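Residue strings, one per chain:
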Amino acid sequence: MSTRIAFLGGGNMAASLVAGLRQAGWAGTDILVVDRNPDKCDALAARHGVTTATSIAEADWRVDVVMLAVKPQVMAGAIAEMRTALGRTSRAPLAISIAAGIPLRVLATWLGDDIECIRTMPNTPSQLGVGATGLYAPPSISADRRDLADRIMATAGINVWVEQEADIDTIIATSGSGPAYYFAFMEAMIDAATDMGLARDSARQLVLQTALGAARMAVESGDDPATLREKVTSKGGTTAEALAYFNNADLAATVAGAMQAAADRASVLAQELAEQAADTHNTNDDR
Ligand SMILES: NC(=O)c1ccc[n+]([C@@H]2O[C@H](COP(=O)([O-])OP(=O)(O)OC[C@H]3O[C@@H](n4cnc5c(N)ncnc54)[C@H](O)[C@@H]3O)[C@@H](O)[C@H]2O)c1
């Protein structure tokens with residue numbers, strides 16, 4: 001029997017995952033996207049043949065899996081609406097969160113006792129099937145449900161399971177936000193080559209193909225990145241000059257600092273949402 005998946009939120013990341021699922025052969029009719037923005041729904045329906053709904057209340061929630069794919073700041077409200085629409089169904093779907101910075105203990109207060117949740121952190125290259133996803137499931141989740149989450153996220157690229165939830169914050173800082181770091185580096189190189197005299201389009205082609213070539217070598221050659229770097233670097237040559245400049249500017253410390261800032265932001269977000277969840281709980285208790 002087919003597995004029906006709903007996306008709560010049909011934005012950038014959901015669109016990437018839907019593309020990965022469709023490319024892997026998942027039937028469009030088994031995918032429901034619920035997004036209040038009709039343009040997002042229309043675009044996904046036209047491109048991938050998925051079913052869509054612009055209202056959480058009116059969507060058909062008879063699904064096996066719900067991907068929690070709205071922004072962290074609006075997740076509580078969206079889940080509350082979904083919960084009402086779901087009612088106390090006899091067959092609660094598995095929830096898979098892709099949200100940054102919402103711990104499972106907070107999601108549990110929003111989802112209720114009967115909906116189990118697995119936490120994941122995918123990235124946007126999922127849309128090409130070359131994504132990287134980190135996953136964490138609490139010990140209470142069955143092997144079958146873990147396998148289901150693994151099968152779904154594997155349509156997006158590689159999966160890396162972690163044993164403790166705290167590692168998800170490091171994954172956010174590594175592969176979740178990571179594509180943006182590489183894009184920023186590409187932008188800087190294109191600008192520099194253009195400033196140095198190349199036509200922008202030539203600079204763009206050279207920079208992008210170099211990024212693709214370097215990534216493919218790092219993945220496919222069997223050599224580690226340090227060895228590959230050494231193979232480009234002639235003694236007393238041009239690459240050595242550029243790398244010395246990076247070293248003087250402490251590139252490694254800059255990268256480490258940026259990644260720590262991303263992970264710290266995830267914990268701050270988690271703290272804020274935990275406080276918000278506790279406030280809501282207390283307010284409900286006071287009624
Ligand atoms: N973009 C990334 O690279 C990335 C990577 C990993 C994880 N994430 C996580 O994915 C989630 C979504 O991020 P995104 O970048 O796709 O955001 P986005 O803004 O592109 O998408 C969110 C979508 O949710 C919809 N939405 C908001 N409130 C809604 C509601 N009440 N009912 C129905 N739809 C509603 C919006 O219309 C929007 O289309 C976030 O939690 C983020 O942390 C994003």
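Look above for the structure.
Everything numeric here is computed off the predicted structure, so don't read it as measured data.

Caption draft 1: Representation of unusual backbone geometry within the structure. The phi dihedral of Asp-250 falls on the positive side, at around 55°, and the residue is not glycine. Among the structural elements, Asp-250 can be located in the loop between α10 (238-248) and α11 (251-286).

Caption draft 2: Seen up close, a nonpolar patch on the surface. Together, Phe-185, Met-189, Phe-246, Leu-251 and Val-255 line one region of the surface with nonpolar side chains, adding up to about 390 Å² of accessible area. Secondary-structure elements contributing two or more residues to the nonpolar patch are α7 (178-195) and α11. Along the chain, Phe-185 falls in helix α7.

Caption draft 3: Spotlight on the sheet that holds strand β8 (residues 157-161). With mixed pairing, the eight strands of this open sheet are ordered in space as β3-β2-β1-β4-β5-β6-β7-β8. Because the sheet does not close on itself, it has two edges, and the strands there are β3 (51-53) and β8. Going across the sheet, the axis of each strand differs from the next one's by a mean of 25°, ignoring polarity. Direction of pairing for strand β5 (residues 94-97) relative to strand β6 (residues 117-121): parallel, over a ladder of three bridges. In the sheet register, Ala-95 faces β6, and the bridge partner there is Cys-117. Helix-sheet contacts for helix α3 (residues 72-86) involve β1 (5-8) and β4 (65-68), and the interaxial angle to β4 is about 160°. Against the sheet, helix α4 (residues 104-111) touches β4, β5, β6 and β7 (131-136), its axis set at about 130° to β6.

Caption draft 4: Structural detail: the nonpolar core. Grouped together as the largest cluster of nonpolar side chains are 40 residues, with contacts concentrated most on Leu-8, Trp-61, Leu-68, Leu-107 and Trp-110. Only β1, β2 (31-34), β4, α3, α4, β6, α6 (167-176) and α11 provide two or more residues apiece to this core. The leading source of residues in this core is α3, at six residues. In contact with Trp-110, other than residues within four places in its own chain, are Met-75, Ala-76, Ile-79, Arg-83, Ile-102, Leu-273, Gln-276 and Ala-277.

What counts and what doesn't
- Positions within a chain are numbered from 1, following the residues in the order the chain's sequence is written.
- Restriction of local features to residues with pLDDT of at least 70 applies here, the model being predicted, together with a cutoff of 80 or more for giving and counting side-chain atom pairs; totals for whole chains, interfaces and linings are based on all residues.
- Excluded from the side-chain calculations are hydrogens and water; all other atoms, namely the structure's heavy atoms, are used.
- Helix and strand assignments follow DSSP, with helices taken as H or I runs no shorter than four residues and strands as E runs no shorter than two, numbered in order from the N terminus.
- Here a patch means residues that are over 30% exposed by relative accessible area and free of salt bridges, tied together within 9 Å if like-charged and within 5 Å if nonpolar (Val, Leu, Ile, Met, Phe, Trp, Tyr).
- To measure how exposed things are, a 1.4 Å probe is used in the Shrake-Rupley method; for residues, cover is taken only from the protein chains shown.
- Salt bridge criterion: a side-chain nitrogen from Lys or Arg within 4 Å of a carboxyl oxygen from Asp or Glu.
- Two strands pair if DSSP finds at least two bridges between them.
- Axis lines are fitted to C-alpha atoms, over the contacting stretch for helices. Their N-to-C directions set the angle, which ranges from 0 to 180 degrees.
- The contact criterion used is simple: two residues touch if any of their non-hydrogen atoms lie within 4.5 Å.
- Buried residues of nine kinds, namely Ala, Val, Leu, Ile, Met, Phe, Trp, Tyr and Cys, make up a nonpolar core once their side-chain atoms join them within 4.5 Å.
- Whether a residue is buried, partly exposed or exposed follows from its accessible area with a 1.4 Å probe, protein chains only, as a fraction of its type maximum: under 20%, in between, or over 50%, in that order.

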